Amino acid sequence: MDLASWVWNLAPFAAMIAVECTDVGASTISKAALAHGMSKYVSVVYYNGLATLILLPYFIFHRKKRAPITLSLLVIFFLLALNGSTGQILFLAAVKLSSPTLSSAMANLIPIFTFLLALITRMETLDLRRSSSLAKSLGAIVSVTGAFIVTLYKGPAVLTPPTSSFHHDQLLLSQKSEWILGGFLLVIVCLLSATWNIAQGATVKEYPEEMTIVFFFTFFITIQSAIFSLILERNPNAWRLNSTIEIVAIVYTAVFGSLFRIAIHTWCLRKKGPVYVAMFKPLGIAIAVFMTVTFLGDNLYLGSVIGSIIIAVGFYSVMWGQMKEMNMAMALNNEPCSSQSSTLKGPLLQRDASEEI
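- Under the annotation held in an unreviewed UniProt entry, the chain carries the name WAT1-related protein and is attributed to Manihot esculenta.
- Per UniProt, the chain has the following entry under Sequence similarities (unreviewed entry): "Belongs to the drug/metabolite transporter (DMT) superfamily. Plant drug/metabolite exporter (P-DME) (TC 2.A.7.4) family."
- If you open the UniProt record of the chain and go to Subcellular location (unreviewed entry), you find "Membrane".

**A short note on a nonpolar patch on the surface**
Working step 1: Taken together, the side chains of I54, L241, I247, V251, V255 and F256 make up a nonpolar region of the molecular surface, amounting to roughly 430 Å² of accessible area.
Working step 2: Of the residues forming the nonpolar patch, the biggest block, 4 residues, is contributed by helix α10 (residues 244–272).
Working step 3: Within the secondary structure layout, I247 lies in helix α10.
Working step 4: Judged by relative accessible area, I247 falls into the partly exposed class, the value being 44%.

**A word on the nonpolar core**
Working step 1: Ranked by size, the top nonpolar core spans 53 residues in total, and within it M16, F77, F217, F280 and M319 carry the most contacts.
Working step 2: The greatest single-element share of this core, amounting to 11 residues, is contributed by α10.
Working step 3: In this view, M319 contacts Y276, M279 and F280; residues no more than four positions away in its chain are not counted.
Working step 4: Residues A94, L97, L109 and A278 belong to the second largest nonpolar core, which totals 13 residues.

**Points about the packing of helix α3 (residues 71–97) against helix α9 (residues 210–232)**
Working step 1: The N-to-C vectors of α3 and α9 enclose an angle of 55°; their axes lie 8 Å apart at closest approach. As far as their axial angle goes, α9 and α3 are oblique. The chirality of how α3 crosses α9 is right-handed. Here L74, F77, F78, L80, A81, L82, G84, S85, Q88 and I89 of α3 lie close against α9, whose contacting residues are I213, F216, F217, F220, I221, Q224 and F228.
Working step 2: A class-by-class count of the residues in the contact of α3 with α9 yields 13 nonpolar, 4 polar and no charged.

**Remarks on the environment of V214**
Working step 1: Position of V214 among the secondary structure elements: in helix α9.
Working step 2: In this structure, the C-alpha to C-alpha distance between V214 and F77, residues 137 residues apart in sequence, is 9.1 Å.
Working step 3: Once residues lying within four places of it in the same chain are set aside, the contact partners of V214 are L55, L259, I262, A263 and T266.

**Regarding empty space enclosed by the protein**
Working step 1: Applying the stated criterion to the full structure yields 3 cavities of 30 Å³ or more.
Working step 2: Of the pockets and cavities examined, the largest cavity occupies roughly 670 Å³.
Working step 3: Along its surface, the largest cavity is lined by 34 residues, and D23, F91, V189, R261 and K281 are the ones closest to its centre.
Working step 4: Secondary structure elements with two or more residues in the lining of the largest cavity: α1 (2–35), α3, α4 (100–106), α8 (176–206) and α10.
Working step 5: No other element matches α8, which puts 7 residues into the lining of the largest cavity.
Working step 6: Its residues placed into classes, the lining of the largest cavity shows 15 nonpolar, 15 polar and 4 charged.

**Looking at the environment of N197**
Working step 1: Within the secondary structure, N197 is located in helix α8.
Working step 2: In this structure N197 comes out as buried when scored by relative accessible area, which is 3%.
Working step 3: Each C-alpha atom of the pair N197 and L117 lies 9.5 Å from the other, and the pair is 80 residues apart in sequence.
Working step 4: Residues within four places of N197 in sequence aside, it is in contact with I110, T114, L269, P274, V277 and A278.

Parameters at a glance
- Residues numbered from 1 in each chain as written.
- Predicted model: local features only at pLDDT ≥ 70, side-chain atom pairs only at ≥ 80, totals over all residues.
- Heavy atoms only, no water.
- UniProt positions renumbered as here; feature names shortened; annotations may be inferred.
- Patch = residues over 30% accessible without salt bridge, like charges linked within 9 Å, V, L, I, M, F, W, Y side chains within 5 Å.
- Areas by Shrake-Rupley, 256 points an atom, 1.4 Å probe, with all protein chains shown as cover.
- Salt bridge = Lys/Arg side-chain N within 4 Å of Asp/Glu carboxyl O.
- Helix = DSSP H or I, 4+ residues; strand = E, 2+ residues; numbered from the N terminus.
- Buried < 20%, exposed > 50% of the residue type's maximum accessible area, 1.4 Å probe, protein only.
- Core = buried A, V, L, I, M, F, W, Y, C linked by side-chain atoms within 4.5 Å.
- Contact = heavy atoms within 4.5 Å.
- Axes fitted to C-alpha atoms, helices over the stretch in contact; angles between N-to-C directions.
- Parallel < 35°, antiparallel > 145°, perpendicular 65-115°, else oblique.
- Left-handed = near helix turned anticlockwise from the far one by under 90°.
- Nonpolar A, V, L, I, M, F, W, Y, C, P; charged D, E, K, R; others polar.
- 1 Å grid on protein atoms, 1.4 Å probe; cavity = no way out; pocket = protein on both sides within 12 Å on 5 of 7 lines; lining within 4 Å.
- Points joined across faces, edges and corners; volume = space filled by probe spheres on them.

In structure tokens form, the structure reads like this:
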């Protein structure tokens, strides 16, 4: 029973690691598809529409014990989708102007924005006199610092695998002005993502049915992005998919970048809260470095090694603070029960044993 409980508690951690891996893959494939002429507006319509179709049978046939959907909930779903559609379009525009590596690095601003918004909305408390709060604050700053080191400091190459034509074609830097614009758009995307984490965390507490939320999220994004595309995309040929990489990008993003990602995020938001979800973003840059070296033949530079180590240190500092606060909350919840017991040692020893496992 203890082993099953330990595995179940580990599930959100493993799921968030998988999400970060698939996110980096989605940005890399999207970058390749955009380079082949795929429209960023149309692609958002296609992969969200495909995700909605995949979820449609579940929404139609899975009606057991479903909570009623009110008009106010539909309005909330629509606003969440508006945040998502805007963020997805801006993200693809930013990736096209810059690179997947920069997008993974800038995504580390999400923990800072989410933590600040969580403090403002009182979903999180900050008491620097407590070691857990101090560890979370310093860990977030350290992780972001490591991400910027990876981006700004290149250093000498420590590993030079055989390069490929794809590497030379896809990883060339854009013009400086486009690179800066891409970074600015990524900052806006990070702010939207942090806002989504907070709003979605509040929504899932009110309506704890993740897949229904995901269905309406992708459904409304499809409608909204279709309207945006009809207004902003003036080329009618943009709606035609002309290459295999475009089809692969849409299917991959629909399954992993939309369904898998949003479902896992929504589930983890309900289980662990918005800051826990956001704090996995610093791992994205380390995963991006690994994937570009392994699959794209990119060089591994000293700055990437140093930055990734700093990110890992900050990440585990945050996780330590999060776990300590969870253990403190569990101890407080068990305290009334233990005070009513005739002997205090029994419950306390039982709790300590479970924490060690």
